[in-house]
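Coordinate inspection notes
Below are the chains, spelled out letter by letter.
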Amino acid sequence: NSWKDDFFTAGFPGSNYPPFYVSGKLWPSIRKYDETHTGTTALTDTLIGVSNITEGITIGRGYAAWSGTSLNTTTAFTIDVKGAPQVANTPFTLPMSYTSTGTPARDGMNLVGNPLPSPIDFSLLSLGADVDNFYYIFSPTAGTNAAWDEANSLGTLGANGNIQSSQGFWLKATGSAVTTTVSEDDKVLAPTGGVFGGNDQPNMPMLRI
């Protein structure tokens, strides 16, 4: 509901246009990922729509949102999320799971999000023993996923190892040891770069001595 006044929403109760259909099927513009789903398509089958505009945001969950100010084009807009910031003095556990459904490419994929009001350094996260040391981020410019490989410090399409505040990203688990946490110590001064990056900090005046 906090997002509704910032960009157009559709396809679910309470949205700007609830009865939004694509190819005869209701098409929710905000979705979350269900890792336990038995669909066979790698990712698209299990991106499910939110239930209602009143559904609360789960800390650490990533969301996929079609966002714009008109159907085919958009002007610049600001998303404001009000409320007390999340402070991870006690580390946050990201909501992750591993389910073997017979589709290895999709099993263990989890869409999580950076819950802190600051960029975080992926290398500082505490990954579960069965969580791979890389992540994916959807690039709206490229229309596909950018990737960061921490072990080799290699990134594609702008992924650079820093994950911006509120940004969703994919983690891959290969077994049940999925406990992955984010703490205050993972924060990093990285106002620039990344897939959605951009310098959100004002230019500070130069100190002359």
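Above this note sits the structure.
Residues numbered from 1 in each chain as written. Predicted model: local features only at pLDDT ≥ 70, side-chain atom pairs only at ≥ 80, totals over all residues. Heavy atoms only, no water.

**A look at the overall build of the protein chain**
For the protein chain, the helix and strand inventory stands at zero helices and 14 strands. The order of helices and strands in the protein chain, counted from the N terminus, is β-β-β-β-β-β-β-β-β-β-β-β-β-β. Out of the 209 residues in the protein chain, the part that is buried amounts to 35%. (Helix = DSSP H or I, 4+ residues; strand = E, 2+ residues; numbered from the N terminus. Buried < 20%, exposed > 50% of the residue type's maximum accessible area, 1.4 Å probe, protein only.)

**With respect to the sheet that holds strand 5 (residues 64-65)**
Strand pairs in the sheet, formed through backbone hydrogen bonds, run parallel or antiparallel to each other. Read from one edge of the open sheet, three strands run 4-3-5, paired in antiparallel fashion. At either margin of the open sheet sits one strand with a lone partner, and together these are strand 4 (47-49) and strand 5. In terms of strand pairing, strand 3 (residues 30-33) meets strand 5 through two bridges, oriented antiparallel. Of the residues in strand 5, the one forming a bridge with R31 is A64. (Pairing = 2+ DSSP bridges.)

**Some details on the packing of aromatic side chains**
Using the criterion set out here, one finds nine aromatic pairs in the structure. Seen in terms of ring centroids, F7 and F77 are 6.0 Å apart; in terms of plane orientation they differ by 45 degrees. Their pairing is tilted. A residue pair is termed long-range when its members are at least 10 positions apart, and F7 in the segment before strand 1 (21-22) and F77 in the loop between strand 5 and strand 6 (92-93) qualify at 70 residues. Among the residues examined, F77 registers a relative accessible area of 28% and is labelled partly exposed. Taken together, a centroid distance of 6.3 Å and an interplanar angle of 75 degrees make the contact between Y17 and F20 edge-to-face. For Y17, a relative accessible area of 42% corresponds to the partly exposed category. (Phe/Tyr/Trp six-rings, centres within 6.5 Å; stacked < 30°, edge-to-face > 60°.)

**Focus: the pairing of strand 7 (residues 109-113)**
In the case of a regular strand, side chains alternate between the two sheet surfaces. The buried fraction of strand 7 amounts to five of the five residues, a majority that puts the element mostly inside the structure. Here strand 7 shows two buried faces, one formed by M109, L111 and G113 and the other by N110 and V112. Bridge count for strand 7 against strand 13 (residues 168-172) is five bridges, and the pairing is antiparallel. When the sheet's bridge partners are listed, N110 is paired in strand 13 with L171.

**What to know about the nonpolar core**
With 22 residues, the main nonpolar core has L94, M96, F122, Y135, F169 and L171 as its most contacted residues. Ignoring any residue separated from it by four or fewer positions in sequence, one finds L171 in contact with L94, M96, G108, M109, N110, V112, F122, V131, F134, Y135 and T180. In this structure, F7, F12, V50 and I53 belong to the second largest nonpolar core, which totals six residues. (Core = buried A, V, L, I, M, F, W, Y, C linked by side-chain atoms within 4.5 Å. Contact = heavy atoms within 4.5 Å.)

**Focus: the environment of A64**
As for its position among the elements, A64 is in strand 5. A relative accessible area of 27% means that A64 is categorised as partly exposed. Spatially, the C-alpha atoms of A64 and L111 are 8.8 Å apart, while their sequence positions differ by 47 residues. Setting aside its immediate chain neighbours within four residues, A64 contacts S29, I30, R31, L47 and L111.

**Comments concerning the pattern of salt bridges**
Per the counting criterion, the structure on display carries three salt bridges. Across the pair R106 and D107 runs a salt bridge whose closest N-O atoms are separated by 3.9 Å. For R106, a relative accessible area of 0% gives the class buried. (Salt bridge = Lys/Arg side-chain N within 4 Å of Asp/Glu carboxyl O.)

**Focus on the side chain of S29**
As for its placement among the helices and strands, S29 is situated in the loop between strand 2 (25-26) and strand 3. S29 gets classed as buried once you look at its relative accessible area, which sits at 3%. Not counting residues up to four positions away in its chain, the partners in contact with S29 are F8, T9, A10, F12, A64, A65 and W66.

**Things to note about unusual backbone geometry**
The phi torsion of most residues other than glycine is negative, and most of the peptide bonds are trans. Despite not being glycine, S23 has its phi angle at roughly 55 degrees, a positive value. We note that L157 has phi near 55 degrees; this positive angle belongs to a residue other than glycine. Locating L157 in the fold gives a position in the loop between strand 11 (154-155) and strand 12 (162-163). Residue classification places L157 among the partly exposed residues on the basis of a relative accessible area of 47%.

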